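Here is how the chains run, residue by residue.
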Amino acid sequence: MRSIIYIALICIFTTGCGATVQQNYNTHTVQKGETIYSIAKKYNITEATIYTLNPDARNGIQTNTVLILPSADIINSSEDQIRFKMHRVRRKETLFSIAQRYNIQVDDIKKYNKELYSRQLKKGEKIKIPIGIKKTSTNVVTNETNTNSEAAKHTVVAKETKYGIARKYGITVAELEALNPNMGENLQIGAVLNVPDVSVVDSATIEDEKYDFYEVKAKEGFYRLKVKLNLSKDEIIALNPYAKDGLKEGMILKIPKENIDSVADDIPIVNLEDYILNTQKKNIALMLPFRLSRAESDSINANKELLKNDATLRIALDFYSGVLMATEFAKDKGISVNLNVYDTEARESKVGAIISQNNFEDIDAVIGPLLRKNVEKAASELRNTSTPVFSPLSNREIKISSNLFQTLPTEEMLKNRMMEYLKENVAGKNVVLISDAKKAASKQAVLSTLGTVKTLSPREEGFLYATDIEGKIDKTIENWIILESTDPVVISNVVGLLNGMPEEYRLRLFTLDKNDAYDYHDVSNVHLAKLGFTFPSVNRSYNYKEKTAFLTSYKNQYGVLPNRYAVRGFDVTYDVLLRLASAEDVYDAIDSKVETEYIENKFRYTKKMFSGYQNNALYIIRYNNDLQFEEVK
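Remember, it's a predicted structure, so these values are computed and weren't measured experimentally. (Residues numbered from 1 in each chain as written. Predicted model: local features only at pLDDT ≥ 70, side-chain atom pairs only at ≥ 80, totals over all residues. Heavy atoms only, no water.)

## Quick look at the confidence of the model for the protein chain
Put simply, the rule is: pLDDT is a residue-level measure of predictor confidence that goes from 0 to 100. By the convention used here, residues are in contact when the closest approach between their heavy atoms is within 4.5 Å.
Mean pLDDT over the protein chain: 83, with 86% of residues reaching 70 or higher. Between residues 1-23, whose pLDDT stays under 50, and residues either more than four places distant or in other chains, the model counts 26 contacts. A low-confidence stretch, residues 134-150 stays under pLDDT 50, and its non-local contacts, those more than four residues away or across chains, total 29 contacts.

Rendered as structure tokens:
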């Protein structure tokens, strides 16, 4: 911090800076508890201005640190030349998107709308946008030691980033930084950079908001990106012609945003309970297939029989119990909820009638219906009013509308994530794939992704012998067995054989698809746990031994522990309510770079191109020796 003091003394007292510097700049001695943010707000300047005059402050400031600040004369004289435009905030707009639109900084908006320092934007409000902010003098970023005669110059223009400029000249970001060691993290418009003297590869900006830049990681090839981004080699090359010669670490690619947003690298978990800002009453519509017209109000026995024979009704009631619990938890956080419950009768026509006969204009979110065709109907009917519709239980292919939120990851996403996990951790393992004819596609995917894999298929009788598997086992290293089948007999047969083999074989069992066959009564959970059975899942199972607030409250309310449908009802509803409470509406609360997590489920929504929103958050689960499911990190 002493360097900052030295700069201040030099600028104020030496003739090198001149008398005008003494008149145009002031100093500020940092007091206990002050931050760059609070100081900038105090003097009505931006944090960027402080960092420009005090570079060392980026490393932190301490009490009694002396900072150089522009005088009020400079601030006032510059403001005299600024015109303002009033901007009405639209749905989904953020400070960043508005700043990008007007080619200014977020801090510039906050400076002239000081209430935005302490709160978020509100849809429909008008804010002042400064027009005619003077650009600073051209910032030439040069490398004093660079003697490369082949270097050219690039002048930074609006919207350009390091990624875009690196892509334009066919180099990596690291190579661009090496050419410009003083470049810094954020580029200033007008800055002049050293770049290779080569033919321009592509534009340094992406005008189409549906695309963004992606930096190729170490060891990433076309297949790895196919698994990670769900784009084929041909699709990548079509967007990035220079990639036809192969990918290299640090290469910058143009990729659809929806594909980039689905990547789950180091995604932080955010507790939305800490971000409650909007406590206005939330109007929620819940649509479930109760089909209560069949119930008899004066016959307990008849209703018991109805419950016994109708699985859909049981699921709906369990889900409803979780929804009610979520509204109670929300009220405890100061969020008032008006819950409107509708019986869809499991009919598409009834969904249409409910919407046409009731006022949905003030509804903040619709949870349900459960069935795919009914979800599509509800989303379609409410699309014109942009009323968000959350599909809670179906992950089948849905005709997604712009207002539809698919809360469950798709089967393809689960399979790709499991494949990625295997690819990342398979080194040094002996991999054996056991698959039947119905899983030919999975077999091909495993072989093309993992390379050296030993394969086995059930005999004509539909099962294997222990000697079949033992012939593929390597006793010197760990053996990873990938089982791909939907036949409960095959699964029971393989799990039993693996469990009976000597412990020195070091076996671990995997699957890309944990289907209902694994719940077959002859498939032992004890055997699965012993084999460290690992699989992808949309949810994790809670530990019933844990005394969480939700489990305790549910048990006290209903006398039993919640099943997965009740937990799902709670998790989906509580997440929706907290999102509504942390922003003006659900759309404003969507951030694809963070996840929320509750009892058994987590959520990370991304906007799909030309359609709605998809939850990309999922788990890799392992069955442990305590017969509990644990998340594999």
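## Comments concerning helix α14 (residues 311-332)
Operational definition: Helix and strand definitions here come from DSSP, where helices need a minimum of 4 consecutive H or I residues and strands a minimum of 2 consecutive E residues; each element is numbered from the N-terminal end. What a helix should span is 1.5 Å times the count of its residues minus one. Throughout this description, buried means an accessible area under 20% of the type-specific maximum (1.4 Å probe, protein chains only), exposed means over 50%, and partly exposed covers the range between.
Between its first and last C-alpha atoms α14 spans 32 Å; for 22 residues at 1.5 Å apiece the expected length is 32 Å, and the two agree. Within the span of α14, buried status applies to L313, A316, F319, S321, G322, V323, M325, A326, T327, F329 and A330. For α14, the secondary structure elements touched by its buried residues are β9 (282-288), α13 (300-309), β10 (337-343), β11 (365-367), α22 (549-558) and α23 (564-581). Downstream of α14 by one or two residues, G334 has phi in the positive range, about 90 degrees.

## Digging into the pattern of salt bridges
Any two side chains of opposite charge can pair, on the condition that their charged atoms come close. Filter applied, for reference: What makes a salt bridge here is a side-chain nitrogen of Lys or Arg within 4 Å of a carboxyl oxygen of Asp or Glu, nothing more.
Counted under the stated rule, the structure contains 16 salt bridges. Residue E177 pairs with K162 through a salt bridge whose shortest N-O separation is 2.8 Å. Of this pair, E177 sits in helix α9 (residues 173-179) while K162 sits in helix α8 (residues 162-168), and the two are 15 residues apart along the sequence. The exposure class assigned to E177 is partly exposed, which follows from its relative accessible area of 34%.

## Some remarks on helix α18 (residues 440-450)
The periodicity of an α-helix, 3.6 residues per turn, causes residues three or four places apart in sequence to face the same way. For clarity, the threshold we go by: Directions from the helix axis toward the C-beta atoms define the arc.
Taken as a whole, α18 has its buried residues at S442, A445, V446, T449 and L450. Along the axis of α18, the buried positions cluster into a sector of 100 degrees, meaning they face one direction only. Positioned one or two residues after α18, G451 has a phi angle of 80 degrees, which is positive.

## A look at the packing of α14 against α22
Two quantities define a packed helix pair, namely the angle between the axes and the distance from one axis to the other. We count it as follows: Angular values range over 0 to 180 degrees, each being the angle between N-to-C directions of two axes fitted as lines to C-alpha atoms, with helices fitted over their stretch in contact. Our angle categories are set so that under 35 degrees counts as roughly parallel, over 145 as roughly antiparallel, 65 to 115 as roughly perpendicular, and the remainder as oblique. By definition, any crossing whose near helix is turned counterclockwise from its far helix by less than a right angle is left-handed, and any crossing with a clockwise turn is right-handed. Each residue receives one of three labels: charged for Asp, Glu, Lys and Arg, nonpolar for Ala, Val, Leu, Ile, Met, Phe, Trp, Tyr, Cys and Pro, and polar for the others, Gly being one of them.
Two elements in contact, α14 and α22, have axes separated by 11 Å at closest approach and are oriented at 120 degrees. Regarding the angle of α14 to α22, the classification is oblique. Here the hand of the crossing between α14 and α22 comes out right-handed. Every residue of α22 that contacts α14 at S321, G322, L324, M325 and F329 is listed here: A549, F550, S553, Y554, Q557 and Y558. Of the residues belonging to the contact of α14 with α22, the class tally is 7 nonpolar, 4 polar and no charged.

## Remarks on the side chain of S401
Among the structural elements, S401 can be located in the loop between β12 (389-391) and β13 (404-406). Its relative accessible area of 7% is what places S401 among the buried residues. If sequence neighbours within four positions are ignored, S401 has contacts with A379, S380, R383, S611 and G612.

## What to know about the packing of α14 against α23
Relative to each other, α14 and α23 sit at 40 degrees, their axes nearing to 7 Å. One finds that α14 runs oblique with respect to α23. Where α14 crosses over α23, the two elements pack in a sense that is right-handed. Packed against α14, whose contacting residues are I315, D318, F319, S321, G322, V323, M325, A326, T327, F329 and A330, the element α23 presents Y565, A566, R568, G569, F570, T573, Y574 and L577 at the interface. Here the contact of α14 with α23 is built from residues that sort into 12 nonpolar, 5 polar and 2 charged.

## Some details on the sheet that holds β12
Operational definition: Any two strands with at least two DSSP-identified bridges between them are counted as paired.
Pairing is mixed in the open sheet, where 7 strands are placed in the order β10-β9-β11-β12-β13-β22-β21. Lying at the two open borders of the sheet, with one neighbouring strand each, are β10 and β21 (605-607). Between one strand axis and the next, the sheet turns through 25 degrees on average, direction left out of account. For β11 and β12, the ladder comprises 2 bridges, and the chain directions are parallel. Residue pairing for β12: I367 is matched across the bridge by F390. Together, β9, β12 and β13 form the strand contacts of helix α16 (residues 372-381), whose direction differs from that of β12 by roughly 165 degrees.

## Regarding unusual backbone geometry
Omega for the peptide link from G368 to P369 comes to -5 degrees, which places this bond in the cis form. Mapped onto the elements, P369 comes out in the loop between β11 and α16. With a phi close to 50 degrees, R506 is a non-glycine residue in the positive phi region. Of note in this structure, L627 is not a glycine but carries a positive phi near 60 degrees. Considering the arrangement of structural elements, one finds L627 in the loop between β23 (619-623) and β24 (629-631).

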